[in-house]
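Structural overview
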Amino acid sequence: MISLEVPKKFRGFVNQAHQVAAEMLRPHSRTYDLAEHTYPKELDMLAAMVDGLSASGSGSGAGAAGVRRSEGDQAEPSGNRNGTNMSSVLSIMEMCWGDVGLLLSMPRQGLGNSAIASVADEEQLERFKGVWAGMAITEPGTGSDSANISTTAVRDGEDYVLNGEKIFVTAGDRCDAVVVWATLDKSMGRAAIKSFVVPKGTPGMRVERLDHKLGIRASDTATIVFDDCRVPAANLLGTPDIDTSKGFAGVMQTFDNTRPLVAAMAVGCARAALEVTHDLLVEAGVQIHHDRPPALQSSAAATYLTMEADWEAAYLLTLQAAWMADNREPNSLQASMAKAKAGRVGNDITLRCVELAGSVGYSEHELLEKWARDSKILDIFEGTQQIQQLIVARRLLGKTSAELK
Ligand SMILES: Cc1cc2nc3c(=O)[nH]c(=O)nc-3n(C[C@H](O)[C@H](O)[C@H](O)COP(=O)(O)OP(=O)(O)OC[C@H]3O[C@@H](n4cnc5c(N)ncnc54)[C@H](O)[C@@H]3O)c2cc1C
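Before going into details, it helps to say that this report is about the structure given with it. Within every chain, residues take consecutive numbers counted from 1 along the sequence as written. Per-residue local features are limited, in this predicted model, to residues with pLDDT of at least 70; the limit for side-chain atom pairs, both in listing and counting, is 80 or more; totals at the level of whole chains, interfaces and linings are taken over all residues. Computation of side-chain values: all heavy atoms of the structure, hydrogens and water removed.

**Observations concerning the overall build of the chain**
Within the chain one finds twelve helices and eight strands. Two things to know: the radius of gyration comes from C-alpha atoms, and the globule rule equals 2.2 Å times the number of residues to the power 0.38. Relative to the compact-globule value of 22 Å for 405 residues, the chain shows a C-alpha radius of gyration of 21 Å, a close match. Each principal axis of the C-alpha atoms in the chain carries an extent, and together these give about 70 × 45 × 45 Å. Pairs of residues are marked as contacts when any of their non-hydrogen atoms sit within 4.5 Å. At a minimum sequence separation of 6, the contacts of the chain that also span at least 24 residues come to 74%. Carbon together with sulfur atoms contributes 54% to the accessible area of the chain, which is approximately 17,400 Å² in total. We score Asp and Glu as negative and Lys and Arg as positive, and we do not count His or the chain ends. By convention, charge coordinates are those of NZ in Lys, CZ in Arg, CG in Asp, or CD in Glu. In the chain, which carries 40 positive and 51 negative side-chain charges, the distance between the mean positions of the two groups comes to 4 Å. By the criteria applied, helices consist of DSSP H or I runs no shorter than four residues and strands consist of E runs no shorter than two, each listed in order from the N terminus. Each accessible area is a Shrake-Rupley estimate made with a 1.4 Å probe; only the visible protein chains count as cover when residues are assessed.

So, in C-alpha cells, the structure goes:
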C-alpha cells in the first residue's frame, strides 16, 4: 500500500473538514435526501465558517471556489508545490465522506466558482468575490457534445445579449450567479464558445423548473431560460477574440481543474461506504486480513480488499491530477484519468457495499443505499465515463477530436 502523507500545512485543515462532515453534514444526510428541494439551512452557518477560514488564509480551497493555477502558493524547498488544487481535493474528499449533495449545496462553492477562479482576470476576481456561481453548459440538445451548444451571445454596445435554455444546472436555483456557455458565432465552431457570468435577477433570465433525481437530492438542479438577457461585456470570462487556432482552449481549461474535484467527491463518498461496510463485515464475524492474498480469505473479505485497492488507485490518480495543476504542469490527461477511474470505482464500490451488506445495505437503516444513488452522478457530470475514456484515448494515441469521436 502506498501511504502518501497529507502535506503538513493541510493537516489541520483536513481534520477540520472531516469534523464538519461528521458533525454537520452526515447527521443531516437522510433529512435532506427525503426533503428534496428544501434548502439545508444548516449550510449557512457552515458557509460562514468556510469564509472565515478562507479569509484567515488557513483554509484556501475549502471547496470548488478555491481552484486556481496557484501563483501565490509557496513551493516547498524541494520545488514541490501543494496549493489550492491539492487542498481543495483533500477537503472535498472529507466533505463528501459526509454528504455529496450537501457539499454541492455549499454557498459560494459552486462549479461556476471554479470557472471564475480558473479564468477570470484580476478585476473580475475582485468583482465576483463572494458570489455563489453555478455552471450552465448543458442544453436540451447538447450534453457530452458541448462544442455543439446553441445558446447565443450577440454583442450590442457595451453588452452581450444571451438567448437559449440551460438544463441540469447544479445549484441553479440557490446560487447568486451562473457561468453560462454561449456561442458568439455558431458558424465559427468551438472557438466561438465563451463563458459569461450572469447574476441572478438579470432581466431576461428565469429559473423555469427544478428536477427530481435519483441521488444528491439535497442539491437543487434547475432549468434556466435566457430570453434577450443582457449582460455587461465585462462579464465575459477570458478573451472575446475568436481564435480558431486555439479552438476550445479557453472554456475547456476549467475542466482540468474541476474534474479532479469531482473525482475527489467520488473518492470521499466511496470511502464512507467502505468504512461502514468494513464495520458491518467485522460485526458479522468476517475476518479481513490485509497481509494475506484475497484468494486465501473469505469471498466477502476478498471482495472488500479488491474494492480497497481500486479505491486507492482512484485516490492516488486524483492527488496526482491536483498536484500537477498546483505545479503548473499540463494535466488534461491525468484529470480525465482521475475522473474516469474515481467515477467508475465510486459507482462499483458503493453498489457492491450495498450487495455485501444485503438487506441492511438496501434499507434506510444505513446510508449505504443513499451513497450508491449519490455516487452515480459523479460518473456522469463534468464529462461522463465514456467521454473521459475518449479524452484519455485521444491524448495517448495523439488523435484529434475529429479523428476519434
Ligand atoms: C444531477 C445533475 C447535475 C448536473 N449538473 C450540471 C451542471 O451544473 N452544469 C451543466 O452544464 N450540466 C450539468 N449536468 C449535465 C451533465 O453534465 C450531462 O448530463 C452530461 O454531460 C451528459 O450529457 P447528456 O445527459 O446529454 O448525455 P449524452 O451526452 O446524450 O450521453 C448519453 C450517453 O452516451 C454516451 N456518449 C455520448 N457521447 C459519446 C461518445 N462520443 N462516445 C461514447 N459514448 C458517448 C455518454 O457517455 C452517455 O452514457 C448535470 C446532470 C445531472 C443529472
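Next comes the rest of the description.
**Quick look at helix H1 (residues 8–25)**
In this model, H1 (18 residues) spans 25 Å end to end at C-alpha, consistent with the 26 Å of a helix rising 1.5 Å per residue. A 1.4 Å probe rolled over the protein chains alone gives each residue an accessible area, and that area as a share of the maximum for its type sets the label: buried under 20%, exposed over 50%, partly exposed in between. Those residues of H1 that sit buried are Phe10, Phe13, Val14, Ala17, Val20, Ala21, Met24 and Leu25. What you see down the axis of H1 is that its buried residues fit within an arc of 125°, all on one side. More than 90 degrees from the buried face of H1, the exposed residues found are Lys8, Asn15 and Glu23. Given the number of residues in a helix, its expected span is that number minus one, multiplied by 1.5 Å. Here, the arc refers to the directions that run from the helix axis to the C-beta atoms.

**A word on the site of the ligand**
Residues in contact with the ligand amount to 20 residues; listed here are only the nearest, Thr138, Ser144, Phe168, Thr384 and Gln386. Here a polar contact is taken to be a pair of N or O atoms separated by no more than 3.5 Å, where protein atoms must pair a possible hydrogen donor with a possible acceptor and residues adjacent in sequence count only if both atoms sit in side chains. Between the ligand and threonine 138 there is a distance of 2.7 Å, counted from a nitrogen atom to a side-chain nitrogen or oxygen. Contact with the protein chains removes 65% of the 970 Å² of surface that the ligand exposes when unbound. Contributing elements (two or more residues each) for the shell around the ligand: strand S1 (133–136), strand S3 (159–170) and helix H12 (385–397). Throughout, the ten residues Ala, Val, Leu, Ile, Met, Phe, Trp, Tyr, Cys and Pro are labelled nonpolar, Asp, Glu, Lys and Arg are labelled charged, and all others, Gly among them, are labelled polar. A per-class count over the shell around the ligand returns eleven nonpolar, seven polar and two charged. We call a residue near a given molecule or strand whenever any one of its heavy atoms falls within 4 Å of it.

**Some words on the nonpolar core**
Throughout this description, the term nonpolar core refers to a set of buried Ala, Val, Leu, Ile, Met, Phe, Trp, Tyr and Cys residues connected via side-chain atoms within 4.5 Å. Formed by 66 residues in total, the largest nonpolar core has its most connected members in Leu46, Met95, Met265, Ile349, Leu368 and Trp371. The element that contributes the greatest number of residues to this core is helix H8 (residues 249–283), accounting for 14 residues. Within the second largest apolar cluster, 21 residues are counted, among which are Phe196, Met205, Ala222 and Cys229.

**Considering the packing of helix H10 (residues 332–362) against H12**
Orientation is described by lines fitted to C-alpha atoms, with helices fitted over the stretch in contact, and by angles between N-to-C directions that extend from 0 to 180 degrees. Remark: H10 packs on H12, axes separated minimally by 9 Å, with the N-to-C direction vectors making an angle of 145°. In this structure, H10 meets H12 at a crossing whose hand is left-handed. Across the interface between the two elements, Ser332, Leu333, Ser336, Met337, Lys339, Ala340, Gly343 and Arg344 of H10 pack against Gln385, Gln388, Gln389, Ile391, Val392, Arg395 and Leu396 of H12. Left-handed describes a crossing whose near helix is turned anticlockwise from the far helix through less than a right angle; right-handed describes the clockwise counterpart.

These results come straight from atomic positions and should not be treated as a statement about function.
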